Amino acid sequence: MTIDSDPLPGTLRAAVLLLRAQAVALGLIAVWLIWSDLTAETTDLTSALLVTAFAVGGAVALWALGGALSRRRAGARAPAIVLQLMLLPVGWFMIEGGMGWLGVPLMALGLGMVGLLVSGPTNRALGFGERPAER
């Protein structure tokens, strides 16, 4: 068994930490949604369950992608980028709805994460591009 002693580059480590932080935040929202579903007096049950399931699934996906990237699984990068790009329309509609204080940081987070995930050190750590010659 070979153990890769090469530490994760800072860009990939930051991306993994931010993915995990997003997973925790979305997980907390999912817990709040579950509580709201259980305590609401009137609700459209189907819509409530679908929104809650989407939040739970998103939290699980973000956590799993963070774990896969921390193990240098190159295939996890594209889905992680897609999830980060989904923050752009969400942020835009928040800005349009008068919640720019939240929409602008969400859009910045999405773009920043994409930058981390396509940076040179991350590319090399995931096996994209040329590796430096070993001495």
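The structure displayed is predicted, hence computed values, not measured ones.

Draft legend 1. Inspection of the nonpolar core at higher detail. Counting 19 residues, the largest nonpolar core has L12, L19, L69, A80 and L117 as the members making the most contacts within it. Among the secondary structure elements, those contributing two or more residues to this core are α1 (10–39), α2 (45–70), α3 (77–85) and α5 (100–118). A total of 5 residues in this core trace back to one element, the largest contributor, which is α1. With residues near it in sequence (within four places) discarded, L19 still touches L62, L65, G66, L69, A80, Q84 and M113.

Draft legend 2. Region of interest: α3. For α3, every residue scored as buried is listed here: R77, A80, I81 and Q84. Take α3 and look down its axis: the buried residues cluster within an arc of 100 degrees, on one side only. Check the buried side of α3 and you find it contacts α1, α2, α4 (87–96), α5 and α6 (120–125).

Rules of the game
- Each residue is numbered by its place in its chain's sequence as written, counting from 1.
- Under the rules for a predicted model, residues below a pLDDT of 70 receive no local features and side-chain atom pairs below 80 are neither given nor counted, while totals for whole chains, interfaces and linings still include all residues.
- The side-chain values count all of the structure's non-hydrogen atoms but skip hydrogen atoms and water molecules.
- Residues belong to a common nonpolar core when they are buried Ala, Val, Leu, Ile, Met, Phe, Trp, Tyr or Cys residues joined through side-chain atoms within 4.5 Å.
- Per-residue accessibility, obtained with a 1.4 Å probe over protein chains only, is compared with the maximum for each type, and a residue is labelled buried under 20%, exposed over 50%, and partly exposed between these values.
- For helices the rule is a DSSP run of H or I covering at least 4 residues; for strands it is a run of E covering at least 2, with both sets numbered from the N terminus onward.
- Contact definition: two residues touch when any of their heavy atoms are within 4.5 Å.
- By construction, the arc corresponds to the directions joining the helix axis to the C-beta atoms.

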